[in-house]
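The residues making up each chain are set out below.
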Amino acid sequence: MSKITVIYWSGSGNTEAMAEAVVAGAKAQGAEVRLLHVGEADKDTVLHADALAIGCPSMGAEVLEEAEMEPFISSIESLVTGKPIALFGSYGWGNGEWMQDWVARMQGCGAKVIGEGLIIQNAPDEDGLEACRTLGKELSNA
Ligand SMILES: Cc1cc2nc3c(=O)[nH]c(=O)nc-3n(C[C@H](O)[C@H](O)[C@H](O)COP(=O)(O)O)c2cc1C
């Protein structure tokens, strides 16, 4: 059984709702899944997972949240070579640039990024939640 860890930061709950749906999709495939706020995750979390899903909304001006998620991502850059990673997050008014940059960054570290990074504007509706569940399924099969 693959061990998947879903790690997220969310200010107003939209990315958290996405994270819960990613968990549901991966669990439906029989994966062993943990859901952690980024403040609960560290390097060992990453080393012990077969695959990761990481969620963060677009913050600042098209960047990752800077107090917790950005330092966490910096700390794991050398640990993700060959690891399947699904990236996701909510945004408001932008064009998804933060996600494009994040996907390229993780690919540059050698991670096997699943798809293009799933972005949803504001709160996920039922279609959005289904897309998150599908992402979780794809990750558990990666
Ligand atoms: C401080 C701050 C900065 C933001 N910067 C951006 C941005 O650069 N681009 C964008 O599309 N949305 C931006 N947003 C909107 C959030 O990405 C959006 O509200 C998202 O749904 C929040 O997700 P969450 O509920 O998981 O925190 C920003 C929101 C806040 C509070």
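Residues numbered from 1 in each chain as written. Predicted model: local features only at pLDDT ≥ 70, side-chain atom pairs only at ≥ 80, totals over all residues. Heavy atoms only, no water.

Visitor: Residue-level account of the pairing of strand β2 (residues 32–37), with values.
Guide: The two faces of a sheet get side chains in turn, since along a regular strand they alternate between them. Taken together, the 6 bridges between strand β1 (residues 3–8) and β2 define a ladder with parallel strand orientation. Opposite I7, over in β2, you have L36 as the bridge partner. Viewed along the sheet, the connection from β1 through helix α1 (residues 14–28) into β2 turns out right-handed. (Pairing = 2+ DSSP bridges. Helix = DSSP H or I, 4+ residues; strand = E, 2+ residues; numbered from the N terminus. Right-handed = clockwise from strand over helix to strand, strands pointing away.)

Visitor: For the environment of G11, give the residues involved together with the corresponding values.
Guide: Relative to the helices and strands, G11 is located in the loop between β1 and α1. Its relative accessible area of 61% is what places G11 among the exposed residues. Between the C-alpha atoms of G11 and P57, which are 46 residues apart in sequence, the distance is 8.2 Å. (Buried < 20%, exposed > 50% of the residue type's maximum accessible area, 1.4 Å probe, protein only.)

Visitor: For the nonpolar core, give the residues involved together with the corresponding values.
Guide: Judged by nonpolar contacts, the single largest core of 27 residues is most densely connected at I54, M69, F72, I73, L87, W102 and M106. If you list the elements that add at least two residues to this core, you get β3 (51–55), α3 (69–76), β4 (84–91) and α4 (97–108). No other element matches α4, which puts 5 residues into this core. Those residues within four positions of L87 in sequence are excluded, and the remaining contacts are I54, M99, W102, V103, M106, V113, G117, L118 and L135. Counting 21 residues, the second largest nonpolar core, distinct from the first, contains A19, A31, A53 and I120. (Core = buried A, V, L, I, M, F, W, Y, C linked by side-chain atoms within 4.5 Å. Contact = heavy atoms within 4.5 Å.)

Visitor: Just give me the short version of the pattern of salt bridges, but keep the residues and values in it.
Guide: For the structure on display, the rule yields 4 salt bridges. The shortest N-O distance in the salt bridge between E77 and R105 comes to 2.7 Å. Of this pair, E77 sits in the loop between α3 and β4 while R105 sits in helix α4, and the two are 28 residues apart along the sequence. Owing to a relative accessible area of 28%, E77 belongs among the partly exposed residues under this scheme. Among the ionic pairs, E126 bridges to R133, the shortest N-O distance being 2.5 Å. (Salt bridge = Lys/Arg side-chain N within 4 Å of Asp/Glu carboxyl O.)

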